[in-house]
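Secondary and tertiary structure notes
Chain by chain, the residues run as shown.
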Amino acid sequence: MEQLVRVRKVHNDGTATVIHLRESACSGDCHKCSGCGAAKEAVVFTADNPIGAKAGELVKVESSTAPVLKAAVVLYVLPLVLFFLGYWLGTLPGTFGTIGGVLGFMLGVVIVIVYDRLVVNKANIRYTITAFADTTTVRKEEENHG
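Okay, so let's go over this structure. Owing to the predicted nature of the structure, the values given are computational and were not obtained by experimental measurement.

Quick look at the pattern of salt bridges
This structure, assessed with the given rule, holds 1 salt bridge. The partner of Arg126 in a salt bridge is Asp48, with the nearest N and O atoms 2.6 Å apart. Of this pair, Arg126 sits in the loop between helix H3 (99–118) and strand S5 (127–132) while Asp48 sits in strand S3 (residues 41–48), and the two are 78 residues apart along the sequence.

Given below as structure tokens:
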């Protein structure tokens, strides 16, 4: 995954504290459409800084997608698979009927909750500053966050 962030502080150990302004799906231009008035959320994290970016610069940050994809599979696919498996088992002769689908889905939700508490909160996602943002991107970013 790649995203644009602003360097907030540079550390002596080769890392930097960066900030990413997360916007709503409507891009936060509520004044244009008189929309929801969604607030922007600032996400602050530490990234490796091999290119020597300085505080205040807009840079590109990359992270590995494996932990994110793994979490997405557990969150979205597993409950759905368990729902259909439970439904199929519930249709077999001599079983407890279509309630199997509901029980399978509920088992999937429980697994997601346990996974969230045990794994996702401790996920070690490494971020790396890979490049400086080009001048066109910098102008657009400044216009949006001005």
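There's more to say after this.
Remarks on the nonpolar core
Listed in full, the 10 residues of the largest apolar core are Val5, Val7, Ala16, Val18, Phe45, Ala47, Ala53, Val59, Val61 and Ile129. Listing elements by their share of this core, those giving two or more residues are strand S1 (2–10), strand S2 (15–22), S3 and strand S4 (58–63). Setting aside chain neighbours within four positions, we find Ala47 in contact with Gly14, Thr15, Ala16, Val18, Tyr127, Thr128 and Ile129.

As for a nonpolar patch on the surface
On the surface, Val73, Leu75, Tyr76, Val77 and Val81 cluster together to form a nonpolar patch covering roughly 470 Å² of accessible area. With respect to the helices and strands, the residue Val77 is situated in helix H2 (residues 66–91).

What to know about H2
In this model H2 runs 36 Å from its N-terminal to its C-terminal C-alpha over 26 residues, within 8% of the 38 Å that 1.5 Å per residue would give. A maximum bend of about 35° is found in H2 at Val77, where proline Pro79 lies one to four positions downstream. Within H2, the full set of buried residues consists of Val74, Pro79, Leu82, Gly86 and Gly90. Against the buried residues of H2 lie H3.

How each quantity is defined
Residues numbered from 1 in each chain as written. Predicted model: local features only at pLDDT ≥ 70, side-chain atom pairs only at ≥ 80, totals over all residues. Heavy atoms only, no water. Salt bridge = Lys/Arg side-chain N within 4 Å of Asp/Glu carboxyl O. Helix = DSSP H or I, 4+ residues; strand = E, 2+ residues; numbered from the N terminus. Core = buried A, V, L, I, M, F, W, Y, C linked by side-chain atoms within 4.5 Å. Buried < 20%, exposed > 50% of the residue type's maximum accessible area, 1.4 Å probe, protein only. Contact = heavy atoms within 4.5 Å. Patch = residues over 30% accessible without salt bridge, like charges linked within 9 Å, V, L, I, M, F, W, Y side chains within 5 Å. Areas by Shrake-Rupley, 256 points an atom, 1.4 Å probe, with all protein chains shown as cover. Expected span 1.5 Å × (residues − 1). Bend = angle between axes of the 7 residues up to and from the residue.

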